[in-house]
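Remarks on the overall topology
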Amino acid sequence: MDDLTPGSAGEPAAPRRIGRGVFLGTVVGGLSSLWWGQAVWGGVSKVVSPVTGAIGLGSGWRIYTVASTMPVFEPKTWRLKIGGMVARPQELSYHELRALPQATQTSVFHCVTGWTVNGVEWRGVRFKDLLAAAKPLPGAHALEFVSAEKPYVDYLTLEQAMLPDAMLAWEMGGQPILQEHGAPVRVVIPEMYGYKNVKWVAEVNLVRMPEVGYWEQYGYDNDAWVGRSNGYGL
Ligand SMILES: Nc1nc2c(c(=O)[nH]1)N[C@H]1C(S)=C(S)[C@@H](COP(=O)(O)O)O[C@H]1N2
Ligand SMILES: [Mo]
(Lines give C-alpha, C1' and ligand atoms only; values in the text may rest on other atoms or scores of the structure.)
(Ligands and ions follow the chains in the order given, each with its own letter.)
Protein backbone atom coordinates (compact mmCIF):
# COMPACT_ATOMS: atom_id res chain seq x y z
CA MET A 1 0.00 0.00 0.00
CA ASP A 2 2.35 2.61 -1.28
CA ASP A 3 -0.07 4.65 -3.26
CA LEU A 4 -1.40 7.38 -1.02
CA THR A 5 -2.61 9.75 -3.67
CA PRO A 6 -5.92 11.41 -2.90
CA GLY A 7 -8.87 9.19 -3.59
CA SER A 8 -6.81 6.18 -4.47
CA ALA A 9 -7.99 2.73 -3.57
CA GLY A 10 -5.46 1.88 -0.95
CA GLU A 11 -5.01 -1.46 0.69
CA PRO A 12 -3.67 -1.19 4.20
CA ALA A 13 -0.96 -3.45 5.43
CA ALA A 14 -2.40 -6.13 7.66
CA PRO A 15 -1.97 -4.85 11.20
CA ARG A 16 -0.15 -7.12 13.61
CA ARG A 17 -1.59 -5.08 16.37
CA ILE A 18 -4.52 -2.92 15.52
CA GLY A 19 -2.73 0.23 16.64
CA ARG A 20 -0.20 -0.26 13.90
CA GLY A 21 -2.79 -0.76 11.27
CA VAL A 22 -3.29 1.91 8.74
CA PHE A 23 -6.60 3.21 7.66
CA LEU A 24 -6.81 4.93 4.35
CA GLY A 25 -9.59 7.33 3.75
CA THR A 26 -10.40 10.35 1.74
CA VAL A 27 -11.81 13.51 3.17
CA VAL A 28 -14.15 15.93 1.50
CA GLY A 29 -11.92 18.08 -0.62
CA GLY A 30 -9.72 15.20 -1.62
CA LEU A 31 -7.25 14.93 1.22
CA SER A 32 -6.06 11.45 1.84
CA SER A 33 -4.75 10.28 5.12
CA LEU A 34 -3.60 7.43 7.19
CA TRP A 35 -5.89 7.70 10.14
CA TRP A 36 -3.94 5.46 12.43
CA GLY A 37 -0.33 6.52 12.36
CA GLN A 38 0.17 9.69 14.32
CA ALA A 39 3.32 10.43 12.37
CA VAL A 40 1.67 10.48 9.00
CA TRP A 41 -1.30 12.36 10.38
CA GLY A 42 0.99 15.22 11.42
CA GLY A 43 0.42 18.20 9.18
CA VAL A 44 -3.09 17.34 8.17
CA SER A 45 -4.27 17.28 11.75
CA LYS A 46 -3.71 20.99 11.87
CA VAL A 47 -6.30 21.36 9.17
CA VAL A 48 -8.78 18.75 10.27
CA SER A 49 -8.76 18.08 13.96
CA PRO A 50 -10.99 15.52 15.59
CA VAL A 51 -12.52 18.37 17.54
CA THR A 52 -13.35 20.76 14.75
CA GLY A 53 -14.53 18.10 12.38
CA ALA A 54 -14.60 17.63 8.64
CA ILE A 55 -13.06 20.20 6.39
CA GLY A 56 -15.33 23.11 5.67
CA LEU A 57 -18.36 21.55 7.26
CA GLY A 58 -17.58 21.53 10.93
CA SER A 59 -19.76 18.47 11.14
CA GLY A 60 -17.29 16.04 12.61
CA TRP A 61 -17.64 13.62 9.72
CA ARG A 62 -14.73 12.27 7.76
CA ILE A 63 -15.49 10.75 4.45
CA TYR A 64 -14.03 7.31 3.89
CA THR A 65 -13.75 5.43 0.65
CA VAL A 66 -11.84 2.40 -0.51
CA ALA A 67 -12.14 2.89 -4.26
CA SER A 68 -10.89 5.68 -6.49
CA THR A 69 -14.35 7.00 -7.31
CA MET A 70 -17.60 7.14 -5.39
CA PRO A 71 -20.65 5.36 -6.79
CA VAL A 72 -23.10 7.67 -8.55
CA PHE A 73 -26.76 7.32 -7.65
CA GLU A 74 -29.11 7.28 -10.65
CA PRO A 75 -32.63 7.38 -9.17
CA LYS A 76 -34.33 5.96 -12.27
CA THR A 77 -32.15 2.91 -12.71
CA TRP A 78 -30.99 2.23 -9.15
CA ARG A 79 -32.16 -1.05 -7.62
CA LEU A 80 -31.58 -2.61 -4.23
CA LYS A 81 -31.26 -6.37 -4.51
CA ILE A 82 -32.35 -8.53 -1.62
CA GLY A 83 -31.24 -12.09 -2.19
CA GLY A 84 -29.29 -15.03 -0.91
CA MET A 85 -31.19 -17.37 1.40
CA VAL A 86 -34.66 -15.96 0.80
CA ALA A 87 -37.85 -17.46 -0.57
CA ARG A 88 -38.58 -14.41 -2.73
CA PRO A 89 -35.64 -12.37 -4.01
CA GLN A 90 -36.45 -8.68 -4.40
CA GLU A 91 -35.28 -5.84 -6.57
CA LEU A 92 -36.53 -2.60 -5.10
CA SER A 93 -36.53 0.68 -6.96
CA TYR A 94 -35.75 3.79 -4.96
CA HIS A 95 -39.44 4.62 -5.05
CA GLU A 96 -40.40 1.18 -3.73
CA LEU A 97 -37.79 1.38 -1.01
CA ARG A 98 -39.12 4.74 0.13
CA ALA A 99 -42.62 3.28 0.32
CA LEU A 100 -41.58 0.79 3.01
CA PRO A 101 -42.46 1.54 6.66
CA GLN A 102 -40.29 4.42 7.83
CA ALA A 103 -38.42 4.90 11.04
CA THR A 104 -36.48 7.86 12.37
CA GLN A 105 -33.89 8.17 15.08
CA THR A 106 -31.19 10.43 16.40
CA SER A 107 -28.05 8.54 17.28
CA VAL A 108 -24.32 8.78 17.79
CA PHE A 109 -21.79 7.63 15.21
CA HIS A 110 -18.37 6.29 16.21
CA CYS A 111 -15.49 5.50 13.93
CA VAL A 112 -13.08 2.93 15.30
CA THR A 113 -10.23 5.41 14.80
CA GLY A 114 -11.63 7.64 17.51
CA TRP A 115 -13.88 10.28 16.02
CA THR A 116 -17.51 10.60 16.95
CA VAL A 117 -20.48 12.52 15.64
CA ASN A 118 -23.30 13.09 18.10
CA GLY A 119 -26.95 13.64 17.36
CA VAL A 120 -27.15 12.34 13.82
CA GLU A 121 -30.71 12.29 12.51
CA TRP A 122 -31.54 9.33 10.32
CA ARG A 123 -34.61 8.21 8.42
CA GLY A 124 -34.92 4.82 6.83
CA VAL A 125 -36.37 1.37 7.19
CA ARG A 126 -35.81 -1.17 9.95
CA PHE A 127 -34.34 -4.42 8.68
CA LYS A 128 -37.38 -6.40 9.80
CA ASP A 129 -39.51 -4.33 7.44
CA LEU A 130 -36.91 -4.34 4.68
CA LEU A 131 -36.70 -8.13 4.69
CA ALA A 132 -40.36 -9.03 5.19
CA ALA A 133 -41.29 -9.44 1.51
CA ALA A 134 -38.17 -11.48 0.76
CA LYS A 135 -39.05 -14.09 3.38
CA PRO A 136 -35.68 -15.14 4.81
CA LEU A 137 -35.18 -18.91 4.97
CA PRO A 138 -34.70 -20.60 8.35
CA GLY A 139 -30.98 -21.33 7.89
CA ALA A 140 -30.10 -17.68 7.35
CA HIS A 141 -28.54 -16.05 10.39
CA ALA A 142 -26.74 -13.05 8.94
CA LEU A 143 -26.92 -10.25 6.41
CA GLU A 144 -24.30 -9.47 3.82
CA PHE A 145 -24.18 -5.84 2.73
CA VAL A 146 -22.53 -5.44 -0.64
CA SER A 147 -21.54 -1.87 -1.44
CA ALA A 148 -21.63 -0.47 -4.94
CA GLU A 149 -18.15 0.68 -4.00
CA LYS A 150 -16.12 -2.42 -4.74
CA PRO A 151 -14.83 -4.33 -2.89
CA TYR A 152 -16.46 -3.00 0.30
CA VAL A 153 -18.65 -5.55 2.02
CA ASP A 154 -19.67 -6.19 5.61
CA TYR A 155 -21.92 -8.41 7.67
CA LEU A 156 -24.28 -8.31 10.62
CA THR A 157 -25.95 -11.20 12.33
CA LEU A 158 -29.73 -11.03 12.06
CA GLU A 159 -29.82 -10.50 15.79
CA GLN A 160 -27.55 -7.45 15.45
CA ALA A 161 -29.54 -6.12 12.52
CA MET A 162 -32.73 -6.40 14.57
CA LEU A 163 -31.44 -4.00 17.24
CA PRO A 164 -34.04 -1.27 17.69
CA ASP A 165 -31.69 1.43 16.41
CA ALA A 166 -30.30 -0.38 13.38
CA MET A 167 -31.66 0.57 9.97
CA LEU A 168 -31.02 1.02 6.30
CA ALA A 169 -31.12 4.81 6.04
CA TRP A 170 -31.88 7.10 3.10
CA GLU A 171 -31.99 10.41 4.97
CA MET A 172 -29.35 12.00 7.15
CA GLY A 173 -29.87 15.33 8.89
CA GLY A 174 -33.24 15.79 7.23
CA GLN A 175 -32.06 15.46 3.65
CA PRO A 176 -31.36 12.60 1.27
CA ILE A 177 -28.02 11.02 2.09
CA LEU A 178 -25.29 12.84 0.20
CA GLN A 179 -23.12 11.00 -2.28
CA GLU A 180 -20.08 11.03 0.00
CA HIS A 181 -22.12 9.59 2.87
CA GLY A 182 -23.37 6.67 0.78
CA ALA A 183 -26.28 7.79 -1.43
CA PRO A 184 -28.86 6.58 -1.66
CA VAL A 185 -28.74 4.13 1.27
CA ARG A 186 -26.34 3.10 3.98
CA VAL A 187 -26.41 0.85 6.99
CA VAL A 188 -26.81 2.54 10.37
CA ILE A 189 -25.94 0.60 13.51
CA PRO A 190 -24.89 3.08 16.19
CA GLU A 191 -23.86 0.40 18.67
CA MET A 192 -21.10 -0.70 16.32
CA TYR A 193 -18.15 1.14 14.85
CA GLY A 194 -18.45 2.96 11.58
CA TYR A 195 -17.00 0.22 9.40
CA LYS A 196 -20.21 -1.78 9.88
CA ASN A 197 -22.21 1.19 8.55
CA VAL A 198 -21.77 0.25 4.90
CA LYS A 199 -22.29 3.09 2.42
CA TRP A 200 -23.73 2.83 -1.12
CA VAL A 201 -25.50 -0.44 -0.27
CA ALA A 202 -26.42 -2.24 -3.49
CA GLU A 203 -27.27 -5.73 -2.22
CA VAL A 204 -28.51 -7.20 1.00
CA ASN A 205 -28.01 -10.96 0.97
CA LEU A 206 -29.22 -13.41 3.56
CA VAL A 207 -26.37 -15.74 4.43
CA ARG A 208 -25.88 -18.55 6.89
CA MET A 209 -23.26 -16.85 9.07
CA PRO A 210 -21.30 -13.58 8.99
CA GLU A 211 -18.18 -13.76 6.85
CA VAL A 212 -15.13 -11.51 7.01
CA GLY A 213 -15.88 -7.92 6.06
CA TYR A 214 -13.63 -5.40 4.34
CA TRP A 215 -11.89 -3.93 7.40
CA GLU A 216 -12.11 -7.13 9.39
CA GLN A 217 -9.69 -8.79 6.97
CA TYR A 218 -7.09 -6.32 8.29
CA GLY A 219 -7.67 -7.25 11.91
CA TYR A 220 -10.75 -5.40 13.09
CA ASP A 221 -13.30 -7.35 15.09
CA ASN A 222 -16.29 -8.91 13.37
CA ASP A 223 -18.42 -7.89 16.31
CA ALA A 224 -17.66 -4.20 16.24
CA TRP A 225 -19.38 -3.19 19.47
CA VAL A 226 -18.46 0.33 20.44
CA GLY A 227 -16.24 0.16 23.49
CA ARG A 228 -16.11 -3.62 23.52
CA SER A 229 -13.99 -4.40 20.47
CA ASN A 230 -10.52 -3.60 19.25
CA GLY A 231 -10.97 0.07 18.66
CA TYR A 232 -9.89 2.89 20.92
CA GLY A 233 -6.67 2.88 22.76
CA LEU A 234 -5.04 -0.19 21.30
N1 LIG B 1 -18.64 1.64 0.99
C2 LIG B 1 -18.00 2.07 2.10
N3 LIG B 1 -18.66 2.15 3.25
C4 LIG B 1 -18.03 2.59 4.36
C5 LIG B 1 -16.65 2.92 4.34
C6 LIG B 1 -15.98 2.84 3.10
O7 LIG B 1 -14.78 3.14 2.98
N8 LIG B 1 -16.68 2.42 2.00
N9 LIG B 1 -16.00 3.27 5.50
C10 LIG B 1 -16.66 2.92 6.77
C11 LIG B 1 -16.08 3.59 7.92
S12 LIG B 1 -14.65 2.91 8.55
C13 LIG B 1 -16.67 4.65 8.53
S14 LIG B 1 -16.07 5.32 9.96
C15 LIG B 1 -17.88 5.26 7.95
C16 LIG B 1 -17.63 6.74 7.69
O17 LIG B 1 -18.80 7.32 7.21
P18 LIG B 1 -18.72 8.66 6.36
O19 LIG B 1 -17.76 8.40 5.22
O20 LIG B 1 -20.13 8.93 5.93
O21 LIG B 1 -18.17 9.70 7.27
O22 LIG B 1 -18.29 4.65 6.73
C23 LIG B 1 -18.15 3.24 6.72
N24 LIG B 1 -18.74 2.70 5.52
MO1 LIG C 1 -14.33 4.00 10.54
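Residues numbered from 1 in each chain as written. Chains lettered and ligands numbered in written order. Predicted model: local features only at pLDDT ≥ 70, side-chain atom pairs only at ≥ 80, totals over all residues. Heavy atoms only, no water.

Our next topic: the pattern of salt bridges. Any two side chains of opposite charge can pair, given that their charged atoms come close. Within the structure shown, the criterion is met by 4 salt bridges. Among the ionic pairs, R123 bridges to E171, the shortest N-O distance being 3.3 Å. Here E171 lies in strand 9 (residues 167–172) and R123 lies in strand 6 (residues 116–125), a separation of 48 residues in the sequence. On the accessibility criterion, R123 (28% relative accessible area) is partly exposed. Measuring nitrogen to oxygen at the nearest pair gives 2.9 Å for the salt bridge that ties D154 to K196. Taken together, the positions of D154 in strand 8 (residues 153–157) and K196 in the loop between strand 11 (186–188) and strand 12 (201–207) put the pair 42 residues apart, joining distant regions of the chain. For K196, a relative accessible area of 2% corresponds to the buried category. Here the salt bridges share partners, and the residues they tie into one network are D154, K196 and E216. (Salt bridge = Lys/Arg side-chain N within 4 Å of Asp/Glu carboxyl O. Helix = DSSP H or I, 4+ residues; strand = E, 2+ residues; numbered from the N terminus. Buried < 20%, exposed > 50% of the residue type's maximum accessible area, 1.4 Å probe, protein only.)

This next bit is on the sheet that holds strand 7 (residues 142–147). Strand order in the open sheet made by the 5 strands is 4-3-12-7-8, with mixed pairing throughout. Each edge of the open sheet carries a strand with a single partner, namely strand 4 (90–93) and strand 8. Going across the sheet, the axis of each strand differs from the next one's by a mean of 20°, ignoring polarity. Direction of pairing for strand 3 (residues 79–84) relative to strand 4: antiparallel, over a ladder of 4 bridges. Following the sheet pairing, K81 is matched in strand 4 by E91. (Pairing = 2+ DSSP bridges. Axes fitted to C-alpha atoms, helices over the stretch in contact; angles between N-to-C directions.)

Ligand 1 sits among 21 residues. The nearest are R62, E149, H181, R186 and K199. Between ligand 1 and E149 there is a distance of 2.7 Å, counted from a nitrogen atom to a side-chain nitrogen or oxygen. Measuring from an oxygen atom of ligand 1, one finds a side-chain N or O atom of R186 at 2.7 Å. Class assignment for the residues of the shell around ligand 1 results in 12 nonpolar, 5 polar and 4 charged. (Near = heavy atom within 4 Å. Polar contact = N/O pair within 3.5 Å; in protein donor to acceptor, adjacent residues only side chain to side chain. Nonpolar A, V, L, I, M, F, W, Y, C, P; charged D, E, K, R; others polar.)

Quick look at unusual backbone geometry now. Going from K150 to P151, the amide bond is cis rather than trans, its omega being 0°. Note that P151 resides in the loop between strand 7 and strand 8. The peptide bond linking A183 to P184 adopts the cis configuration, its omega dihedral lying at 0°. Summarising the element assignment, P184 is placed in the loop between strand 10 (175–176) and strand 11. The backbone of K135 shows a phi angle near 55°, a positive value even though the residue is not glycine. Among the secondary structure elements, K135 is positioned in the loop between helix 3 (127–131) and strand 7. Positive phi outside glycine occurs at W200, with the angle close to 55°. Tracing the backbone through its elements, the reader meets W200 in the loop between strand 11 and strand 12. For W200, a relative accessible area of 2% puts it in the buried group.

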